[in-house]
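A structural walkthrough
What follows is the residue order along each chain.
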Amino acid sequence: MTNSKPLHLHVPEPPARPGDKPSFSHLVIPEAGETRKPDVTDSESDMRDLPYGLVRVLDDNGAAIGPWDPGLSPDVLRKGLRSMLLTRVFDERLFRVHRQGKTSFYMKSTGEEAIGAAQSLALSQGDMCFPTYRVMSWLMARDYPLIDMVNQIFSNEKDPLKGRQLPILFSARDYGFYSLSGNVGSRFGHAVGWAMASAYKGDDKIALGYIGEGTTAEGDFHEALTFASVYRAPVILCVTNNQWAISSYSGIAGAEATTFAAKALAYGLPGLRVDGNDFLAVWSATKWAAERARNNLGATLIEFFTYRAAGHSTSDDPTKYRPADEAEHWPLGDPLERLKHHLISLGEWDDERHEALTDELSETVRAAVKEGEAVGTLGQSKPSVREMFEGVFAEPDWRVLEQRREVGI
Ligand SMILES: Cc1ncc(C[n+]2csc(CCOP(=O)(O)OP(=O)(O)O)c2C)c(N)n1
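Figured I'd write up the structure that's included with this text. Nothing here was measured: the structure is a model prediction, and the numbers come from that model. (Residues numbered from 1 in each chain as written. Predicted model: local features only at pLDDT ≥ 70, side-chain atom pairs only at ≥ 80, totals over all residues. Heavy atoms only, no water.)

**Quick look at the site of the ligand**
- Not every one of the 15 residues close to the ligand is listed here, only the nearest: Tyr-133, Arg-134, Gly-182, Thr-215 and Trp-244.
- Arg-134 has a polar side-chain atom sitting 2.7 Å from an oxygen atom of the ligand.
- Note that a nitrogen atom of the ligand is positioned 3.2 Å from one of the backbone N or O atoms of Val-184.
- Protein chains shield 71% of the accessible area of the ligand, which is 580 Å² for the free molecule. (Near = heavy atom within 4 Å. Polar contact = N/O pair within 3.5 Å; in protein donor to acceptor, adjacent residues only side chain to side chain. Areas by Shrake-Rupley, 256 points an atom, 1.4 Å probe, with all protein chains shown as cover.)

Right, here's the structure in full:
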């Protein structure tokens, strides 16, 4: 048989380009409280509607509604708000520091702060997250010392990673934050392996892996889901769907055909789709998946639906490929503003306290940057050249020793 018509290749295009009016009318956004909450012990086959819903708790009036409301205390909500605000203030300051030539690179997580902050607070000490470069709020929520971040970003003499890593590729084992790597997706499977080891040892710790929606197109995503499903690994696998992978919109990674949460179905795993700009929904979905994992019920795939409000990195200019004001039109709003609004509506917060907190955190970040600058910014202060040869192997082998001799140290 021959084709009667020529074939045609479909190349997904975003709904709006620079100069166009931003458009999110193609998105179906369920109301807050609308998506049901199954029992964690329900079978996966009874949950196949969930990847097409959207777990949302906070409504447009800032009220927490529906079955996924985790009923958090005001203290926990304020801690969450503080962690998110600290992340934002830090991002803004360190972005400027890059523009002043004091560091080589920086990446903001603007608009995605709720994810790392809520998950960091919802999980336990000893659980391990396998981060992307956009969940700094995980560390902020666990009070990682700002000065260590700043020194890492300056690659100076006091850099905890000894100048071996690109800025913001942190590593903080004691804070449940596995080493970042520039190779996107490479650690999604590590999260599963770590979780398998925890179960193998009969431990009670669980793992959490992050991957961007663009990176789900890598083979690592498939490998991780296969192992997680086969061995019922105690892991929460999170796709941060922020709509963009540098200049590629989510359609290029498969978003036109289905949801990222729905990819769980083929692996026999529960898939949740969650409003990533809703601190309460992120918390609640994480607790739900953690309970499944801790009860040996296996892995959960969670898609966090959000928007990358800033440029991809300091090397990117998003106005070249999307409308400059697209972030302002994102239908799920700003995670910080939404949590602030909720706390105010509970009578547990107000504009004056918010302003005072913003000032306090700005001052804290300013002081940390100043302290780091006193040690030295990019190129002004460096770890010893000797550090370049350390940690390659547990014990330096003959090649390392020879190379060290060659540079005279
Ligand atoms: C293996 C690999 N391929 C390509 C890159 C270049 N790269 C860095 S970030 C990025 C986009 C990732 O997009 P996404 O997964 O959606 O995450 P986001 O940056 O939006 O948080 C790419 C392609 C890389 N770092 N590693």
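**Considerations on a nonpolar patch on the surface**
- Together, Val-385, Met-388, Val-407 and Ile-409 make up an exposed nonpolar region whose accessible area comes to about 370 Å².
- Mapped onto the elements of the fold, Val-407 is located in the segment after helix H10 (398–406). (Patch = residues over 30% accessible without salt bridge, like charges linked within 9 Å, V, L, I, M, F, W, Y side chains within 5 Å. Salt bridge = Lys/Arg side-chain N within 4 Å of Asp/Glu carboxyl O. Helix = DSSP H or I, 4+ residues; strand = E, 2+ residues; numbered from the N terminus.)

**Quick look at the nonpolar core**
- In terms of nonpolar packing, the biggest core is built from 72 residues, with Phe-90, Met-149, Phe-177, Ile-236 and Phe-279 touching the most fellow members.
- Per-element tally for this core: the top contributor is helix H7 (residues 279–294), with 10 residues.
- The residues contacting Ile-236, other than those within four sequence positions of it, are Leu-123, Ile-206, Ala-207, Leu-208, Gly-209, Thr-286, Ala-289, Ala-290, Thr-300 and Ile-302.
- Membership of the second largest hydrophobic core comes to 23 residues, among which are Phe-130, Phe-221, Val-239 and Leu-301. (Core = buried A, V, L, I, M, F, W, Y, C linked by side-chain atoms within 4.5 Å. Buried < 20%, exposed > 50% of the residue type's maximum accessible area, 1.4 Å probe, protein only. Contact = heavy atoms within 4.5 Å.)

**Things to note about the sheet that holds strand E1 (residues 128–130)**
- Ordered in space as E1-E2-E3-E7-E6, the 5 strands form an open sheet in which the pairing is parallel. With one partner strand each, in any of the chains shown, E1 and strand E6 (271–275) form the two edges of the open sheet. Direction aside, the axes of adjacent strands within the sheet are offset by 20 degrees on average.
- As defined by bridge partners, strand E2 (residues 207–212) adjoins strand E3 (residues 235–241) across 6 bridges and the pair is classed as parallel. Note that in E3 the partner of Gly-212 across the bridge is Thr-240.
- Each of E1, E2 and E3 is contacted by helix H5 (residues 188–200), which is oriented at about 170 degrees to E2, the strand it contacts most. (Pairing = 2+ DSSP bridges. Axes fitted to C-alpha atoms, helices over the stretch in contact; angles between N-to-C directions.)

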